[in-house]
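# A structural walkthrough
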Amino acid sequence: MLLSNATVRILRPVRMKAGTDSLERETRYDLMPEQRASLRRLTPGQAYAVLGQVAVNTWSLRFRPEQDIGPGTMIQAQRDGDDDWHSYKVLTVSTNFYARAILEAVEG
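First things first, this report covers the structure right here in the doc.

## Topic: the overall build of the protein chain
For the protein chain, the helix and strand inventory stands at one helix and seven strands. Mapped from its N terminus to its C terminus, the protein chain presents α and β elements in the order β-β-β-α-β-β-β-β. Put simply, of all contacts in the protein chain between residues at least 6 apart along the chain, 52% involve residues at least 24 apart.

## Regarding the pairing of strand E6 (residues 86-95)
Side chains on a regular strand alternate between the two faces of the sheet. By the bridge criterion, four bridges tie strand E5 (residues 74-79) to E6 in an arrangement that is antiparallel. Bridging from a neighbouring strand, Gln76 pairs with Ser87 of E6. The turn joining E5 and E6, which pair antiparallel and follow one another in sequence, is formed by six residues; a positive phi near 85° is taken by Gly81. Pairing of E6 with strand E7 (residues 99-106) involves eight bridges; the strand directions are antiparallel. Within E7, the position partnered with Val93 by the bridge is Ala101. The antiparallel hairpin formed by E6 and E7 contains three residues in its connecting segment.

## Concerning the pattern of salt bridges
One pass over the structure, following the stated rule, counts three salt bridges. Note that Glu34 and Arg9 form a salt bridge whose closest N and O atoms lie 3.5 Å from each other. A residue pair is termed long-range when its members are at least 10 positions apart, and Glu34 in the loop between strand E2 (25-31) and strand E3 (35-41) and Arg9 in strand E1 (residues 6-17) qualify at 25 residues. The class of Glu34 is partly exposed, set by a relative accessible area of 48%. Assessed through its relative accessible area of 15%, Arg9 is described here as buried.

## What to know about the side chain of Arg9
Of note is the side chain of Arg9, whose polar atom sits 2.9 Å from the side chain of Gln76. Residue contacts for Arg9: discarding those within four places in its chain leaves Leu31, Met32, Pro33, Glu34, Ile75, Gln76 and Trp85.

## As for the environment of Ser94
Inspection of the secondary structure assignment puts Ser94 in strand E6. For Ser94, a relative accessible area of 43% puts it in the partly exposed group. Linking Ser94 and Arg62, residues 32 residues apart in sequence, is a C-alpha distance of 9.7 Å. In this structure Ser94 touches Ala99 and Arg100, once residues within four positions along its chain are discounted.

Reading the values: rules and limits
- Throughout, a residue's number is its position along its own chain's written sequence, starting from 1.
- At least 70 in pLDDT is required for a residue's local features to be given in this predicted model, at least 80 for side-chain atom pairs to be given and counted, and no such filter applies to totals for whole chains, interfaces and linings, which use all residues.
- Side-chain metrics rest on all non-hydrogen atoms present in the structure, leaving aside hydrogens and water.
- Segments assigned H or I by DSSP are reported as helices when at least four residues long, segments assigned E as strands when at least two residues long, and all are numbered from the N terminus.
- The contact criterion used throughout is that any non-hydrogen atoms of two residues lie within 4.5 Å.
- DSSP bridges decide pairing: two strands pair if at least two such bridges lie between them.
- We count a salt bridge whenever a side-chain nitrogen from Lys or Arg sits within 4 Å of a carboxyl oxygen from Asp or Glu.
- Burial here depends on accessible area, computed with a 1.4 Å probe over protein chains only, as a share of the maximum for the residue type. Under 20% is buried, over 50% is exposed, and the range in between is partly exposed.
- Contacts described as polar in this section are N or O atom pairs within 3.5 Å, which, within protein, must combine one atom able to donate a hydrogen with one able to accept it, while residues neighboring in sequence count only if both atoms come from side chains.

In structure tokens form, the structure reads like this:
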């Protein structure tokens, strides 16, 4: 059983041609359907144990993904009781029955 405390949505990048140059691409993000997840802040010691370096504002996300995610994937999350959506970038992912992703908060 997964104890959920947040709603998350994965941002899927879509690259489209931009301008007249056929090699130039413009990236926009499509929001995938919302799903419930467990989002917990890691202490600097926990981040060091997982990543091998001290990291500030690092989070652990545990959920059952509807699509494959990997390092660099952008995720938006809204914790229960919070009015704002926050953006995160996936640093590492391990998948079994649930996916466990280590995230870094992104400003903006």
